[in-house]
Amino acid sequence: MNHIIRDTTVLTMNDRNEILERTDVVIENGIIAKIGPKAGETADNANIIDGSGKLVMPGLINCHCHVPMTLLRNYADDMDLQTWLFDHIFPVEDRLNEDDVYWGTLLGIMEMLSTGTTCFADMYYFMDSIASAVESSGIRAQLSRGQTCNEPGSDFSGNQAMKESEEFVRKWNGAADGRITAAMAPHAIYTCSPSYIQAIAEKAGKLGVPIHVHLDETVREHEDSLGTYGKTPAAHLYDLGLFDHKTIAAHCVCITVEDMALMKEKGVSVIHCPASNLKLASGIAPIPEAISAGLNVCIGTDGASSNNNLNMWEDMYLASIIHKGSKRDPKLITAAETLRMATVNGAKALGMSCVGSIREGNKADLIMVDLEKPHLKPMHNLCSALVYSAQGSDVCMTMVDGRILYQDGEFKTIDREKVDYHLEKVCKRLFE
Ligand SMILES: [Zn+2]
């Protein structure tokens, strides 16, 4: 179906962050066909959407998530990362099956769609379940099977995660009309041996897919790396050849100026996960420094177990204010910069040049925000309003590939009651 959004405000997120007023947006065959005043006046057979009092902007891109971890939301909190992960999360994850992951994924996708996320990058397992949920829901995603193996060796062809990863790439890369792309994901340097990381890098090269990795999330990871390898986690991955492939690196809390130079050289994107880093007390990533070093910085929520939601508006808010506060410099990370991280920079990180901004010819991955809310008035500055005042619940429509997936509280592709029904059954089995 074609759509015309009439008489609306558009935040383009083009190079000048241009804002267009009283304009129409015409969406044809999944593409933004025309933007301009009265551009949608003559089109017929289209769904007309009243855009007055609303904003059209690019859908948000969540670059680091473990979406089925919605199932573990508010299950284990207020403890350090190692205890949280090894004593609480991993034991429950051992009991997960593909059905659990499917329903947990749909729940996470509902949350993302209703808060304006149109694309997410995910690392988990039971990837067929996640891909199926992405396919049926209509959202866009870069998916990867997280791999862990601390054994040394040279031949990992019999390694289960490696096999699953390769099978996943062959089956799903480019699936769902291109909405699903695949990556390879060595979980982290503390869960993967050097030779395993090298084997994954080699495989990614052969399959022609990018890399998604956790990098330098905690002081402990950083110091262990210095102790074991005599170098930082980033230098370790650089030397292993991982960064020779297009890479997105989550967290980067402890990266050094030297690391940033290595990452810049290889075009590694930094995924800032402020809520997760603060909640797990990992620290504050040197994002202003990373931006000064010329790195592409995007935003991720991380899983719902360490955040505890998948609402990008909260992470945008934190991304913008924590650096001001911790560095005592209110000029750091402006609202406009933050919006770029959550949109165009995310698209760049994931190698998706046709999303992330509102321009003619781009795929219609866009959202509408209700600007008539009391907490958004008066509208002195749109970017400031979006980052400092807006809430995820201000999103009133979410569209991916020109298809409306969420509108005014209603999910168009997901049966909410069915998800709730299965969720209850899943949780009963997992936690009782
Ligand atoms: Zn993570």
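Residues numbered from 1 in each chain as written. Predicted model: local features only at pLDDT ≥ 70, side-chain atom pairs only at ≥ 80, totals over all residues. Heavy atoms only, no water.

1. Considering the pairing of strand β3 (residues 31-36)
Stated precisely, the cut-off is as follows: Pairing between strands is defined by DSSP: at least two bridges between the two strands are required. Only runs of H or I of at least four residues qualify as helices and only runs of E of at least two qualify as strands under DSSP, and these elements are numbered from the N terminus.
Pairing of strand β2 (residues 19-28) with β3, which is carried by five bridges, proceeds in the antiparallel orientation. Looking across to β3, one finds that V26 is bridged to K34.

2. Observations concerning the packing of helix α11 (residues 312-327) against helix α12 (residues 335-342)
Counted only if it meets this: Think of each axis as a best-fit line through the C-alpha atoms, taken over the contacting stretch in the case of a helix, with angles from 0 to 180 degrees between the N-to-C directions. Roughly parallel refers to an angle under 35 degrees, roughly antiparallel to one over 145, roughly perpendicular to one between 65 and 115, and oblique to any angle outside these ranges. Note on convention: the crossing is left-handed when the near helix lies turned anticlockwise from the far helix by less than a right angle, right-handed when the turn is clockwise. Contacts between residues were defined by any pair of non-hydrogen atoms, one from each residue, lying within 4.5 Å. For this classification, the nonpolar set comprises Ala, Val, Leu, Ile, Met, Phe, Trp, Tyr, Cys and Pro, the charged set comprises Asp, Glu, Lys and Arg, and every other residue, Gly included, is treated as polar.
α12 packs onto α11 with a crossing angle of 135 degrees between their chain directions and a minimal axis gap of 9 Å. Classified by the interaxial angle, the pair formed by α11 and α12 is oblique. For the crossing formed where α11 meets α12, the hand is right-handed. Residues M312, M316, A319 and S320 of α11 pack against A335, T338, L339 and A342 of α12. For the contact of α11 with α12, the class distribution of residues is six nonpolar, two polar and no charged.

3. Remarks on a negative patch on the surface
What counts is decided by this rule: Surface patches are defined over residues having more than 30% relative accessible area and no salt bridge, joining like charges when they lie within 9 Å and nonpolar side chains (Val, Leu, Ile, Met, Phe, Trp, Tyr) when within 5 Å. In this description, accessible areas are obtained by the Shrake-Rupley approach with a 1.4 Å probe, and a residue is regarded as covered only by the protein chains that are shown. When a carboxyl oxygen of Asp or Glu lies within 4 Å of a side-chain nitrogen of Lys or Arg, that pair is called a salt bridge. The convention is simple: Lys and Arg are positive, Asp and Glu are negative, and His and the chain ends are not counted. Here the site of a charge means NZ on Lys, CZ on Arg, CG on Asp, or CD on Glu. Working definition: with a 1.4 Å probe on protein chains only, accessible area under 20% of the residue-type maximum means buried, over 50% means exposed, and in between means partly exposed.
Where like charges cluster on the molecular surface, the negative patch consists of D415, E417, D420 and E424. Inspection of the secondary structure assignment puts E424 in helix α15 (residues 416-431). On the basis of relative accessibility, which here comes to 56%, the residue E424 falls in the exposed class.

4. Remarks on the coordination of the zinc ion
Selection criterion: The rule for donors is simple: N, O or S, within 2.8 Å of the metal, or within 3.2 Å if the metal is Na, K or Ca. Water isn't counted, so a site may look like it is missing partners. Square planar and octahedral assignments, for four and six donors respectively, both demand that opposite donors be over 155 degrees apart and that all other angles lie between 65 and 115; tetrahedral needs four donors with all angles between 85 and 135 degrees, and anything else is irregular.
Distances from the zinc ion to its protein donors, namely H64 (NE2), H66 (NE2), H214 (NE2) and D302 (OD), fall within the range 2.1 to 2.5 Å. One can describe the site at the zinc ion as irregular: its four donor atoms subtend angles covering 84 to 175 degrees at the metal. Coordination of the zinc ion draws on donor residues from a single chain, spaced H-x1-H-x147-H-x87-D in sequence. Of this pair, H214 sits in strand β10 (residues 211-215) while D302 is found in the loop between β13 (297-299) and α11, placing the two residues 88 residues apart along the sequence. Take H214 and D302: they sit in the same class, and that class is buried.

5. Here we look at the domain arrangement of the protein
This is how it is decided: For the domains described, the bounds stem from an automatic or database domain assignment. Polar contact is defined as a pair of N or O atoms within 3.5 Å, subject to the rule that within protein one atom must be able to donate a hydrogen and the other to accept it, and that residues adjacent in sequence are counted only when both atoms are side-chain atoms.
Domain assignment breaks the protein into domain 1 (2-57 + 358-411) and domain 2 (60-349). When each unit is reduced to the centre of its C-alpha atoms, the spacing between domain 1 and domain 2 is 29 Å. On the surface where domain 1 and domain 2 come into contact, there are two salt bridges. Between the two partners, domain 1 and domain 2, sit seven residue pairs in polar contact (both at pLDDT 80 or more). Elements that contribute at least two residues to the side of domain 1 that touches domain 2 include exactly β14 (366-370), α14 (382-389), β15 (395-400) and β16 (403-407). Considering each element in turn, the side of domain 1 that touches domain 2 owes the most residues, five residues, to α14. In terms of residue class, the side of domain 1 that touches domain 2 is made up of 17 nonpolar, six polar and five charged.

6. Re the environment of D128
Structurally, D128 is set in helix α3 (residues 127-137). Among the residues examined, D128 registers a relative accessible area of 37% and is labelled partly exposed. Expressed as a C-alpha distance, the spacing of D128 and L143, which sit 15 residues apart in the sequence, is 9.9 Å. Setting aside residues up to four positions removed in sequence, D128 forms contacts with F168, K171 and W172. A distance of 2.8 Å separates a polar atom in the side chain of D128 from a polar atom in the side chain of W172.

7. A few points about the layout of surface pockets
Heads up, the condition is: Within this scheme a cavity is a closed region of a 1 Å grid, computed over the protein atoms alone, that accommodates a 1.4 Å probe without allowing it to escape, whereas a pocket is open but has protein on both sides within 12 Å along at least five of seven lines; lining residues each have an atom within 4 Å of a point. Grid points are joined across faces, edges and corners, and a volume is the space filled by probe spheres set on the points.
In this structure, the largest pocket encloses a volume near 500 Å³. If you go around the largest pocket, you meet 27 residues; those closest to its centre are F90, E93, Y124, Y125 and H187. Contributing elements (two or more residues each) for the lining of the largest pocket: α1 (81-95), β7 (117-124) and β8 (140-147). If you tally residues by element for the lining of the largest pocket, the top one is α1, at seven residues. Of the residues in the lining of the largest pocket, the class split is twelve nonpolar, ten polar and five charged.

8. Let's talk about α3
Since the α-helix turns once every 3.6 residues, residues separated by three or four places project in the same direction. Among all positions in α3, only M127, S129, I130, A131, A133, V134 and S137 are buried. Looking at the packing, one finds that the buried side of α3 touches α2 (98-114), β7, β8, α4 (160-172), β9 (180-186) and β16.

9. Comments concerning the nonpolar core
The following threshold applies: Only buried residues count toward a nonpolar core. Its members are Ala, Val, Leu, Ile, Met, Phe, Trp, Tyr and Cys residues joined through side-chain atoms within 4.5 Å.
Residues M57, F120, L143, M263 and W313 are the most contacted members of the largest nonpolar core, which totals 114 residues. Broken down by element, this core gets its largest block of residues, eight residues, from α2. Residues from two domains meet in this core; each of domain 1 (2-57 + 358-411) and domain 2 (60-349) gives at least three. Once you skip the residues sitting within four places of it in the chain, L143 turns out to touch F120, D122, M127, I130, A131, V134, F168, I180, T181, A182 and A183.

10. Notes on the pattern of salt bridges
Where charged atoms from two side chains of opposite charge come close, those side chains can pair. Using the criterion set out here, one finds 19 salt bridges in the structure. One salt bridge in this structure joins D329 and K331, with 3.6 Å as the shortest N-O distance. Classification of K331 by relative accessible area gives exposed; the value is 66%. Across the pair K412 and E410 runs a salt bridge whose closest N-O atoms are separated by 3.6 Å. On the basis of relative accessible area, K412 is assigned to the partly exposed category, the value being 42%. Exposure remark for E410: the relative accessible area of 47% places this residue in the partly exposed category.

11. Quick word on α11
Inclusion rule: Here the expected length of a helix is defined as 1.5 Å per residue gap, with one fewer gap than residues. Across the chain, bend at a residue is computed as the angle between axes fitted to the seven residues ending at that point and the seven starting from it.
Given a rise of 1.5 Å per residue, 16 residues ought to cover 22 Å, and the 23 Å separating the end C-alpha atoms of α11 matches this to within 8%. The axis of α11 is deflected most strongly, by about 25 degrees, at I321. Every buried residue belonging to α11 is among M312, W313, D315, M316, A319, S320, I322, H323 and K324, and all of these are buried. Where α11 begins, the side chain of N311 points an oxygen toward the backbone nitrogen of W313, at a separation of 3.0 Å.

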